[in-house]
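Tertiary structure, described
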Amino acid sequence: MTTEIRLNEQGLVPAIAQDAVTGAVLMMAHMNREALTRTIESGQAWFYSRSRQELWHKGETSGSTLNVVEIRPDCDGDVILLRVNADGPACHTGNDTCFYQTLDTAQWSAEPVGERPLGAALSDLAMTIAQRRREMPDGSYTASLFSQGTERIAQKVIEEGGETALAAVARAPERVRAEAADLLYHLLILLEDAGVPLAEIADELEARRR
């Protein structure tokens, strides 16, 4: 039986949480090596947020932790199954599982529809960044940037802007997408550090459209 875990190009592995008693699938997230190590050492599920680029302890704020009974890699070692006992709802919506919806297959279209607006995603991320600044949790990449000060945050914005531009020059759409996301993330941190609300940026953009 293999115990090797195969991380992808981003150093991550998908992790599925399953109720150890009922067998219900509760949620899916990603782990990096440190998240898996913390999970093993603490006995509770830790994950890695790709959007926030930081570790997160499931239930840290909600209290709905996942107590790990067993960790099972799949046959290729590129997916992890966590058999857990959940202390409360696994989903942030308050549902026991994140998989509480049923796809209306009659309405399914091969064409992409109803993508989440960028503004809503940025607004949610900005609120999370503000929370990290208030709480300064250990292991948080966002909090570590705030602790390093404005110059370091500004440096990261410059770095990510340059990488985004280079990806565009290289005609690499996938890299542009990833680098642009990194740029926006670090720009939101800079705005929080500077005390400039995202709504004021929206107002500025609206004024320039006229």
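The structure this text deals with has already been given above.
Reading the values: the criteria
Residues numbered from 1 in each chain as written. Predicted model: local features only at pLDDT ≥ 70, side-chain atom pairs only at ≥ 80, totals over all residues. Heavy atoms only, no water. Pairing = 2+ DSSP bridges. Helix = DSSP H or I, 4+ residues; strand = E, 2+ residues; numbered from the N terminus. Axes fitted to C-alpha atoms, helices over the stretch in contact; angles between N-to-C directions. Patch = residues over 30% accessible without salt bridge, like charges linked within 9 Å, V, L, I, M, F, W, Y side chains within 5 Å. Areas by Shrake-Rupley, 256 points an atom, 1.4 Å probe, with all protein chains shown as cover. Salt bridge = Lys/Arg side-chain N within 4 Å of Asp/Glu carboxyl O.

**Some thoughts on the sheet that holds strand E2 (residues 25-31)**
Taking strand neighbours across the sheet as the criterion, the 4 strands line up as E2-E1-E6-E5 in an open arrangement whose pairing is mixed. The sheet is open, and its two edges are formed by E2 and strand E5 (66-73), each paired on a single side. The sheet shows a mean angle of 25 degrees between the axes of neighbouring strands, direction not considered. Here strand E1 (residues 13-19) pairs with strand E6 (residues 80-86) via 5 bridges, running parallel. The residue of E6 that forms the bridge with Ala 15 is Ile 80.

**Brief notes about a nonpolar patch on the surface**
On the surface, a cluster of nonpolar side chains totalling about 280 Å² of accessible area is made up of Val 25, Met 28 and Phe 99. Tracing the backbone shows Met 28 in strand E2.

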